[in-house]
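Residue-level structural notes
The chain contents come next:
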Amino acid sequence: NQLNADDLIGGRTLTIRITKVSAVPGEQPIAINYEGDNGKPWMPCKSMRRVLVNAWGADGSKFVGRSLTLYRDDSVMFGNIAVGGIRISHMSDLDGPVTMSLTVKQKMKKSYTVQKLVDPLDTDRRKVTAARSMDELAAVFKALSRDAQVALSGDKDRRKAELANAAAKPDGDKLFTEPQAPAH
């Protein structure tokens, strides 16, 4: 079970934060898990694996904590049939746009550009990790979009634990503890 192009029908994009990169058997040998994947990792095709390596390097363990935006490209072919496929439009941790040449068909290459991703969740993540009390954390989290809630559930749980630990300390400020930097 994996994320597939049909999950992105209708122009929907999906910005993901990577939590794990694994080698798996089969034609798509890399599984990329992400926050809120519900057990359906993204398994990039060969061209998108080349994009990842070109932009971020070959060490998949360094992808954890980074983000990218995926979209459905209806023009992706399987044989002579347009079946659609998942492509990367934006990637975090880039200095600017990255352009490379990718194989479209045997002996045919095409220029492919990935844009720098400014993570839209950064502002929401800062609000969650800066909450000074359980009530403030609950209010901040409730105000987030459903997608942001799914993506930031781990950050919320970490902040909740920090606040609970601070409240349990007899000599500490029970309402405030400095937020820890998010794990990337």
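Note that the coordinates shown come from a computational prediction; the quantities given were computed from them, not determined experimentally.

All right, on to the overall build of the chain then. Scanning the chain from terminus to terminus reveals five helices and eight strands. In the chain, the order of α-helices and β-strands from amino to carboxyl end is β-β-α-β-β-β-β-β-β-α-α-α-α. For the chain, the C-alpha atoms occupy an extent of roughly 70 × 30 × 30 Å along the three principal directions. Contacts in the chain between residues at least 24 apart in sequence constitute 51% of all its contacts with a sequence separation of at least 6. Put simply, the chain shows about 11000 Å² of open surface, and 51% of that area lies on carbon and sulfur atoms. Side-chain charges of the chain comprise 28 positive and 22 negative groups, with the mean position of each set lying 6 Å from the other.

Chain-level pLDDT for the chain is 88 on average; 91% of the residues reach the 70-or-more range. Within the model, pLDDT remains below 50 along residues 173-177, and this stretch shows 12 contacts once partners closer than five positions in the same chain are excluded.

Buried within helix α2 (residues 121-130) are the following residues: L121, D124, R125, V128 and T129. The buried residues of α2 occupy an angular sector of 130 degrees when the element is viewed end-on, so they sit on one face. The inward-facing, buried residues of α2 contact β1 (13-23), α3 (134-143), α4 (146-151) and α5 (153-168).

Once that is clear, we can look at the pattern of salt bridges. Pairing between side chains of opposite charge can happen when the charged atoms of each approach one another. Scanning all chains against the criterion turns up eight salt bridges. Here K40 makes a salt bridge to D7, at a shortest N to O gap of 3.2 Å. Of the two residues, K40 is situated in the loop between β2 (30-34) and α1 (46-56) and D7 in the segment before β1; the sequence distance between them amounts to 33 residues. The partner of E162 in a salt bridge is R159, with the nearest N and O atoms 2.7 Å apart. Taken as a pair, E162 and R159 lie in helix α5 at a separation of three residues, close to a single helical turn.

The next point concerns unusual backbone geometry. Despite not being glycine, N38 has its phi angle at roughly 50 degrees, a positive value. The topology assignment puts N38 in the loop between β2 and α1. On the accessibility criterion, N38 (72% relative accessible area) is exposed. Phi at D93 takes a positive value of approximately 60 degrees, unusual for a residue other than glycine.

For the pair α2 and α3, interaxial distance at closest approach is 8 Å and the crossing angle is 160 degrees. What the angle tells us is that α2 and α3 run roughly antiparallel. Relative to α3, the crossing made by α2 is left-handed. When α2 is examined against α3, the residues K127, V128 and A130 are found in contact with a partner set consisting of E136, L137, V140 and F141. Across the contact of α2 with α3, the residue classes break down as five nonpolar, no polar and two charged.

Bringing the pairing of strand β6 (residues 85-91) into the picture now. Residues in a regular strand project their side chains so that they alternate between the two faces of the sheet. Burial analysis of β6 places six of its seven residues in the buried class, the great majority of the element. Examined bridge by bridge, strand β3 (residues 67-73) and β6 share six bridges and lie antiparallel to one another. Within β6, the position partnered with L70 by the bridge is I88. Here two bridges tie β6 to strand β8 (residues 108-116), and the two strands are oriented parallel to one another. Note that in β8 the partner of M91 across the bridge is K116.

Once that is clear, we can look at a nonpolar patch on the surface. Where nonpolar side chains cluster on the molecular surface, the patch consists of F78, I81 and V83 and spans about 340 Å² of accessible area. Here V83 lies in the loop between β5 (81-82) and β6. Looking at V83, the relative accessible area reads 41%, which means it is partly exposed.

On the secondary structure map, V64 appears in the loop between α1 and β3. Separated by 43 residues in the primary sequence, V64 and K107 place their C-alpha atoms 34 Å from one another.

Analysis parameters
- Residues numbered from 1 in each chain as written.
- Predicted model: local features only at pLDDT ≥ 70, side-chain atom pairs only at ≥ 80, totals over all residues.
- Heavy atoms only, no water.
- Helix = DSSP H or I, 4+ residues; strand = E, 2+ residues; numbered from the N terminus.
- Contact = heavy atoms within 4.5 Å.
- Areas by Shrake-Rupley, 256 points an atom, 1.4 Å probe, with all protein chains shown as cover.
- Lys, Arg positive; Asp, Glu negative; His and termini not counted.
- Charge placed at Lys NZ, Arg CZ, Asp CG, Glu CD.
- pLDDT = per-residue confidence, 0-100.
- Buried < 20%, exposed > 50% of the residue type's maximum accessible area, 1.4 Å probe, protein only.
- Arc of directions from axis to C-beta.
- Salt bridge = Lys/Arg side-chain N within 4 Å of Asp/Glu carboxyl O.
- Axes fitted to C-alpha atoms, helices over the stretch in contact; angles between N-to-C directions.
- Parallel < 35°, antiparallel > 145°, perpendicular 65-115°, else oblique.
- Left-handed = near helix turned anticlockwise from the far one by under 90°.
- Nonpolar A, V, L, I, M, F, W, Y, C, P; charged D, E, K, R; others polar.
- Pairing = 2+ DSSP bridges.
- Patch = residues over 30% accessible without salt bridge, like charges linked within 9 Å, V, L, I, M, F, W, Y side chains within 5 Å.

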